[in-house]
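One letter stands for each residue in the lines below.
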Amino acid sequence: MKDKLPDNAASKRDFLKTMSGAGLGLAGLSMSRAFAADEKPLPKPENVLTPDAALERLLAGNQRYVSGNSQPFDFMQDRAALVGGQNPYAAIVSCADARVVPELCFDEKRGDLFVARVAGNYISPDILASLEYGALVLKTPLIMVLGHQSCGAVIAAISAVEKHQQYPGHIQTVTTAIAPAVRAARKEQGDKTDNVIRQNVKLNVERLEHAAPIIGKLVAEKKLRIVGGVYNLATGRVDMLA
């Protein structure tokens, strides 16, 4: 009997149709052939969750991490299954800061989180493309934009905006991307850096919620949820932003 294709096979075809409509031509065709060879059963059926259930699981993992009750990690347990593919239940846009490791702070194993990292946790075209792949092809139901305390990229952005500080190489690209959050937080009371960190998360959540042509559509259809959080370096707790 011929095996039934997994549910994500149709999503892969839809993704390719979208790319084709965007005029990607031969690149889309090449990816189509690659995806066609990868239509296999889901390696982690337990990762098929609603957006709300995915967030609940993510926060439960963070609570285990904060309380020192993280689950033992067994590399051998999932290795064979993950050779055949991936179906992470959440995507995390995290800062590249070495002190913030999403797989650790949410107490998850390999194959559970689809992580995109960049200094300042902002949505660049490359990050957006990665998230589109995760949401449409891998059917990841949740995206979290994760900021953190004492973010060096945010501190640099504040200096760039308020003191016209110039940075070498391509570092100025990062500060330019975060500059809207610096301006949005100008009238807020309290710690300036913390305010900009939160504003940066909020602005990037908003950008994702309206990102065409893929992410915004999935959000409108309630197939995908976008949330924001800030990681506390001292406690390990992720505080959600409204």
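Only a predicted model underlies this, so the values are computations on that prediction, with no experimental measurement involved.

Thoughts on the overall build of the protein
- Looking only at helices and strands, the protein has ten helices and five strands in total.
- Sorting the 242 residues of the protein into buried and exposed places 45% on the buried side.
- Excluding contacts between residues fewer than 6 apart, the proportion of contacts in the protein whose partners are at least 24 apart in sequence is 70%.
- Accessible surface, the protein: about 12900 Å² in total, of which carbon and sulfur atoms supply 55%.

Comments concerning the sheet that holds strand 2 (residues 113-117)
- Taken in spatial order, the five strands make up an open sheet running 2-1-3-4-5, and their pairing is mixed. Pairing within the sheet leaves two strands with one partner each, and these edge strands are strand 2 and strand 5 (238-241). This sheet shows a mean twist of 30 degrees between the axes of neighbouring strands, independent of strand direction.
- By the bridge criterion, four bridges tie strand 4 (residues 225-231) to strand 5 in an arrangement that is antiparallel. By the bridge assignment, Val 230 is partnered in strand 5 with Asp 239.
- Sitting on the sheet, helix 3 (residues 51-66) is in contact with strand 1 (90-94), strand 2, strand 3 (142-148), strand 4 and strand 5, with an inclination near 35 degrees to strand 3.
- Across the sheet, helix 6 (residues 125-137) lies against strand 1, strand 2 and strand 3, angled at about 170 degrees from strand 2, the strand it touches most.

Comments concerning unusual backbone geometry
- In this chain, Ala 212 is followed by Pro 213 through a cis amide linkage whose omega measures 5 degrees.
- Following the sequence through the fold, Pro 213 ends up in the loop between helix 9 (192-209) and helix 10 (215-220).
- Residue Asn 121 is not a glycine yet carries a positive backbone phi of 35 degrees.
- Mapped onto the elements of the fold, Asn 121 is located in the loop between strand 2 and helix 6.
- Phi is positive for Lys 222, close to 60 degrees, though the residue is something other than glycine.
- Inspection of the secondary structure assignment puts Lys 222 in the loop between helix 10 and strand 4.

With respect to the side chain of Asn 232
- Its location among the elements puts Asn 232 in the loop between strand 4 and strand 5.
- On the accessibility criterion, Asn 232 (16% relative accessible area) is buried.
- Polar side-chain contacts of Asn 232 include one of 3.0 Å to the backbone nitrogen of Thr 235.

Considering the confidence of the model for the protein
- On average, residues of the protein carry a pLDDT of 88, and 83% of them reach 70 or more.
- pLDDT under 50 marks residues 1-8. Its contacts with residues more than four places away, or in other chains, come to ten contacts.
- Within the model, pLDDT remains below 50 along residues 20-37, and this stretch shows eleven contacts once partners closer than five positions in the same chain are excluded.

Notes on the pattern of salt bridges
- One pass over the full model with this rule turns up eleven salt bridges.
- Its salt-bridge partner being Asp 78, residue Lys 44 comes within 3.2 Å of it at the nearest N-O pair. With Lys 44 in the loop between helix 2 (25-36) and helix 3 and Asp 78 in helix 4 (residues 75-83), the pair connects residues that are 34 residues apart, well separated along the chain.
- Lys 223 is the salt-bridge partner of Glu 221, the closest N and O atoms lying 3.4 Å from each other.
- A single salt-bridge network, built from bridges that share partners, covers Lys 44, Arg 57, Asp 78, Glu 108 and Asp 112.

Details of the packing of aromatic side chains
- The tally for this structure, following the rule as stated, stands at one aromatic pair.
- Considering the side-chain rings of Phe 114 and Tyr 133, the 6.4 Å spacing of their centres and the 35 degrees angle between planes classify their relative orientation as tilted. Highlighted residues: Phe 114 in strand 2 and Tyr 133 in helix 6, separated in sequence by 19 residues.
- Of the residues examined, Phe 114 reaches a relative accessible area of 17% and is grouped as buried.

Rules used in this analysis
- Within each chain, residues carry numbers counting from 1 in the order of the written sequence.
- Per-residue local features are limited, in this predicted model, to residues with pLDDT of at least 70; the limit for side-chain atom pairs, both in listing and counting, is 80 or more; totals at the level of whole chains, interfaces and linings are taken over all residues.
- The basis for every side-chain value is the complete set of non-hydrogen atoms in the structure, without hydrogens or water.
- Helix and strand definitions here come from DSSP, where helices need a minimum of 4 consecutive H or I residues and strands a minimum of 2 consecutive E residues; each element is numbered from the N-terminal end.
- The classification of residues rests on relative accessible area computed with a 1.4 Å probe and restricted to protein chains. Under 20% of the type maximum is buried, over 50% is exposed, and intermediate values are partly exposed.
- Residue contacts are defined here by distance: any two heavy atoms, one from each residue, within 4.5 Å place the two residues in contact.
- All accessible areas in this document rest on Shrake-Rupley with a 1.4 Å probe, and a residue is counted as covered only by the protein chains that are shown.
- In this analysis, strands are considered paired if DSSP registers two or more bridges between them.
- Angular values range over 0 to 180 degrees, each being the angle between N-to-C directions of two axes fitted as lines to C-alpha atoms, with helices fitted over their stretch in contact.
- Two N or O atoms count as a polar contact when they lie within 3.5 Å, although within protein this holds only if one can serve as hydrogen donor and the other as acceptor, and sequence-adjacent residues are included solely when both atoms are side-chain atoms.
- Confidence of the predictor at the level of single residues is captured by pLDDT, which takes values from 0 to 100.
- For this document, the term salt bridge refers to a Lys or Arg side-chain nitrogen within 4 Å of an Asp or Glu carboxyl oxygen.
- Note on aromatic contacts: the rings of Phe and Tyr and the six-membered ring of Trp form a pair at centre separations within 6.5 Å, being stacked when their planes are under 30 degrees apart, edge-to-face when over 60 apart, and tilted otherwise.

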